[in-house]
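Single-letter residue listing:
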Amino acid sequence: MDINKTLSELTLTEKAALVSGKNNWYTAKIDRLGIHPLMMTDGPSGLRKVEPGKGISDINDSVPAVCFPAASLTANSFNRDLFFQLGALIGEEARSERVSLVLGPGVNMKRTPAGGRNFEYLSEDPLLTGVLGAEYVKGVQSQNVGVAVKHFAANNRENQRFTVSSDVSERTLRELYLRAFEIIVKTANPDTLMISYNKINGTLNTQNYHLITDVLRDEWGYQGATMSDWGGVADHTAAIRAGLDLEMPGKGQPSTDEIVLAVKTGKLDEGALDNAIRRLLTIIDRRQPDANPEPYDQSKHHEAARKMADESIVLLRNTHNELPLDLAKGTTAIIGQLADKPRFQGGGSSHVNPVHLVTPLDAANQLSDHVIYQPGYDLDQLDTEPTLEAAALEAAKQADHVVVFLGYPESWESEGFDKTSLQLPDNQSELLSDLTDVNDHITVVLETGAPVEMPWVHDVNAIVETYLAGEAVGEATWDILTGAVNPSGHLAETFPVLLSDTPMSMTFDQDPNHEIYSEGIFMGYRFYNSHEMRVLYPFGYGLSYTAFEYTHLQTEIDDEKVQVTFNVTNTGERTGQAVPQLYVANHATHRPVPATELRNFAKVALKAGETKTVTFTLTRRDFSWYRTGKHMWEADSGDYELMIGASSRDTRLQQRITLTFENEPHEISENTYLNEIISDPTLMALFMKDVVTPFSDHGSTTEQQLFTVDQNGKVAILQNPLFTNMPLRALVAQGLPNQLIQTFIRHANNRE
Ligand code: BGC
């Protein structure tokens, strides 16, 4: 399509129709110019193609599609290739269903485990989220299908999500809540971004010029289009002015009329409308669906969904080598209705109508004749059902091993509302407690979209977190339990001991209009590690049936780049996969910084006895923090600790390095503190020359004595924190002539 020519032929009414979605899943079509409608569907972990005429809430009525594991599980893979493949398979399904845009991935930060939509998001860490999210985008787009990276930005709670303001500092936004989007935009070139419902610091995101135009387009160089989340536009004219290209799903004729009137009355510059049209036409043209698409191989995709769950399920506990289980030996009791009616996906817009669900009970029955099953509890109730529990206890008494399936009921975890507790339902907790009285060989399998409090953690031998594992949940769960697959998932989020340990527990969801991000940059492991707090399971943690050793850490500093190399060896007897993680501790800066931050990671497959070398390269950005006042990233010269860990709390190798960074000099003013001058050798030399020497040379008043250099080369005033904690202007009150300070400021601001 010749975009500019088509644009010049569009009438104002047609332009207005194009920027307003036709309905839930289509953009408008304009036959006379050959502009086809673009079909889009959810969602991040499988296709939810709703046939025309069906509403947004007909969630169970979508065309069957392979239900891949939810992002809360796949993120634990720490595997870039897996995310590319996930995107490519969903893209292939979309292409075969003639869908042009997949509404995903969801890359918001898991700010608190109470976030209602966390199962759809990847992690509490922006680097992990951004890197894996970018691979997903590349995968989908490799199939000539576009994406909508969502939800931009700081959309971290579900309650009052259409109106609440995320009140967050610029530094926190840049370092945490915008970071994953920035990585994806800069490395994967996504077709579209979905602008979230919420406000940031009082401005609705869909009307936020700074967010959509200044930061996303002008600063990051984003070339794609933007669309609103469903129903997220309050003032369409203001939204287009801010840089929003498409209102979804569009309000029909009123939307079109509003835009036409806005242009005619001068409220909206037609140039802004044209920019939106240009970006939309580019995507519409690029993502035309195939006329006769090929069907995809459902069983191949199901098998891939199983492998993705295999790579991501996390073995949290395994005492007395309870796992892996040999189902041929002795009897295994499978307890818990979730074995028969599993939680394998989240609720709301990401809901998929699966092609072939295999439950854990089905899979177990296929593997062995020595398993017995009892539901133990009723998922639709919270109270214990005595007959169900008694039968479960009876089965457990007879068994050699007990595998108990526990988790949150479906109605507790969905889009649209947040959680208020991380406790299991009472009937499940009671059942577990009674089971531990009758059998010592208990394995707990958790099917949850988010962390769980585990007051019972020491009462069971093994714990396996399968999150929401997709339609192959049954096969994947037993792959791990039996050791057919060696677990290699590592937690992409912290499991706190209690929900009340989270830094925002007292304020989250409390104010209907404001969510105050008072914890700032200290979110997730950045909080727990900085405070050396006890957690249930730390970020990055996961067990294996084999063991890994880390050796030979070497670093090479080249200009502002650091190359980090080390070896990983599989010292056990089984093939397995290690997940080495590189954390950096910043000892160079005087600013508040988290104790450690993840700066790279890898997934390394190793046969028993095998060693591989891993190399990570760190750049200036990996050592930087965001200076709010100057709106720029800054890296301080000084010492940094590099740590190679098997989790954020399990450092295996570490090395301290010293780095030198060039920074743009700061503006010096009367409000600059003496401390800042002392910490910069160039400024300090200038201060000595312009202020200290001339002043102390001219007499011996008490004030001048404060500035005299003693025989050790020390200046009294610079040794006293009372004075060093003063701005230059306050020194005038100490008798320092203002004129000397002004000369210093002038020279300081003209320095190289
Ligand atoms: C959700 C989006 C989703 C859209 C379409 C909205 O409610 O927030 O993530 O893509 O609905 O289903």
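The structure presented is a predicted model; accordingly, all values stated were derived computationally and were not measured.

### Looking at the overall build of the chain
Here's step 1: A count of helices and strands for the chain gives 24 helices and 26 strands.
Here's step 2: Rg of the C-alpha trace for the chain: 29 Å, near the compact-globule value of 27 Å for 752 residues, within the 12% margin.
Here's step 3: With the principal axes as the frame, the chain shows a C-alpha extent of 100 × 70 × 45 Å.
Here's step 4: Counting all 752 residues of the chain, 60% fall into the buried class.
Here's step 5: Of all intrachain contacts in the chain linking residues separated by at least 6 positions in sequence, the fraction that spans at least 24 positions is 76%.

### A few points about the sheet that holds strand E14 (residues 462-465)
Here's step 1: The strand order across the open sheet formed by 6 strands is E9-E14-E13-E12-E10-E11, and the pairing between neighbours is mixed. Only two strands of the sheet have a single partner each, and these edge strands are strand E9 (314-318) and strand E11 (371-374). The average undirected angle you get between the axes of adjacent strands in this sheet is 15 degrees.
Here's step 2: Where E9 meets E14, 4 bridges bridge the pair, whose relative direction is antiparallel. Residue pairing in the sheet places Leu315 in a bridge with Val464 of E14.
Here's step 3: Running over the sheet, helix H14 (residues 386-398) touches strand E10 (332-335), E11 and strand E12 (401-407) and is turned about 160 degrees from E11.

### Focus: the pattern of salt bridges
Here's step 1: Per the stated rule, a full pass over the model turns up 46 salt bridges.
Here's step 2: Of the charged contacts in the structure, one is a salt bridge between Asp479 and Arg306, with a shortest N-O distance of 2.8 Å. You can see Asp479 sitting in helix H16 (residues 473-482) and its partner Arg306 sitting in helix H12 (residues 298-312), a full 173 residues away along the chain.
Here's step 3: In this structure, the salt-bridge partner of Lys419 is Glu413, at a minimum N-O distance of 2.9 Å. Each member of the pair, Lys419 together with Glu413, is buried.
Here's step 4: Connected via shared salt-bridge partners are Arg111, Arg157, Asp509, Glu515 and Glu519.

### So, the pairing of strand E19 (residues 581-586)
Regular strands place side chains that alternate from one sheet face to the opposite one.
Here's step 1: Here E19 lies mainly inside the structure; 6 of its 6 residues are buried.
Here's step 2: Both faces of E19 are covered, namely the face carrying Gln581, Tyr583 and Ala585 and the face carrying Leu582, Val584 and Asn586.
Here's step 3: Here 4 bridges tie E19 to strand E20 (residues 597-601), and the two strands are oriented antiparallel to one another. Within E20, the position partnered with Tyr583 by the bridge is Leu598.

### Quick notes on the packing of aromatic side chains
Here's step 1: All chains considered together, the criterion is met by 22 aromatic pairs.
Here's step 2: Through a chain of ring-to-ring contacts, three or more aromatic side chains come together here, namely Phe78, Tyr525, Phe539, Tyr583 and Phe601.
Here's step 3: Against the face of Phe601 rests Arg80, its NZ or CZ located 4.1 Å from the ring centre.
Here's step 4: One residue, Arg111, lies across the ring of Tyr517, its end atom 3.9 Å from the ring centre.

### Looking at the UniProt feature "domain: Fibronectin type III-like" (unreviewed entry) in the chain
Here's step 1: Here, UniProt's "domain: Fibronectin type III-like" (unreviewed entry) annotation points to residues 578-648.
Here's step 2: Strand forms 58% of residues 578-648 and helix 0%; the C-alpha atoms that close the span are 14 Å apart.

### Topic: the environment of Leu268
Here's step 1: Position of Leu268 among the secondary structure elements: in the loop between helix H10 (253-264) and helix H11 (270-286).
Here's step 2: Among the residues examined, Leu268 registers a relative accessible area of 2% and is labelled buried.
Here's step 3: If we ignore the near neighbours within four places in the chain, the residues touching Leu268 are Thr237, Ile240, Arg241, Ile259, Ala262 and Val263.

### Brief notes about the site of the ligand
Here's step 1: Near the ligand lie 15 residues; those nearest to it are Asp42, Arg117, His151, Asp229 and Glu415.
Here's step 2: At 2.7 Å, a side-chain N or O of His151 approaches an oxygen atom of the ligand.
Here's step 3: Here Glu415 contributes a side-chain N or O atom positioned 2.9 Å from an oxygen atom of the ligand.
Here's step 4: Isolated, the ligand exposes 310 Å² of accessible area, and the fraction of that covered by the protein chains is 97%.
Here's step 5: When its residues are assigned to classes, the shell around the ligand shows 6 nonpolar, 2 polar and 7 charged.

### As for the domain arrangement of the chain
Here's step 1: Looking at the assigned domains, one finds that the chain contains domain 1 (37-52 + 63-250), domain 2 (313-502), domain 3 (548-659) and domain 4 (674-750).
Here's step 2: Taking only C-alpha atoms, the centre of domain 2 and the centre of domain 3 are 34 Å apart.
Here's step 3: Across the boundary between the two partners, domain 2 contributes 6 residues, which contact 8 residues of domain 3.
Here's step 4: For the pair domain 2 and domain 3, the two sides together bury roughly 510 Å², of which 40% comes from carbon and sulfur.
Here's step 5: Among the residues making up the side of domain 2 that touches domain 3, the classes are represented as 1 nonpolar, 5 polar and no charged.

### Comments concerning the side chain of Thr494
Here's step 1: Within the element layout of this structure, Thr494 appears in the loop between H16 and strand E15 (514-516).
Here's step 2: In this structure Thr494 comes out as buried when scored by relative accessible area, which is 4%.
Here's step 3: At a separation of 2.7 Å, a polar atom in the side chain of Thr494 contacts the side chain of Glu124.

About the thresholds
Residues numbered from 1 in each chain as written. Predicted model: local features only at pLDDT ≥ 70, side-chain atom pairs only at ≥ 80, totals over all residues. Heavy atoms only, no water. Helix = DSSP H or I, 4+ residues; strand = E, 2+ residues; numbered from the N terminus. Rg over C-alpha atoms; globule rule 2.2 N^0.38 Å. Buried < 20%, exposed > 50% of the residue type's maximum accessible area, 1.4 Å probe, protein only. Contact = heavy atoms within 4.5 Å. Pairing = 2+ DSSP bridges. Axes fitted to C-alpha atoms, helices over the stretch in contact; angles between N-to-C directions. Salt bridge = Lys/Arg side-chain N within 4 Å of Asp/Glu carboxyl O. Phe/Tyr/Trp six-rings, centres within 6.5 Å; stacked < 30°, edge-to-face > 60°. Lys NZ or Arg CZ within 6 Å of the ring centre and 35° of its normal. UniProt positions renumbered as here; feature names shortened; annotations may be inferred. Near = heavy atom within 4 Å. Polar contact = N/O pair within 3.5 Å; in protein donor to acceptor, adjacent residues only side chain to side chain. Areas by Shrake-Rupley, 256 points an atom, 1.4 Å probe, with all protein chains shown as cover. Nonpolar A, V, L, I, M, F, W, Y, C, P; charged D, E, K, R; others polar. Domains from an automatic or database assignment. Buried area = accessible area lost by both parts, 1.4 Å probe.

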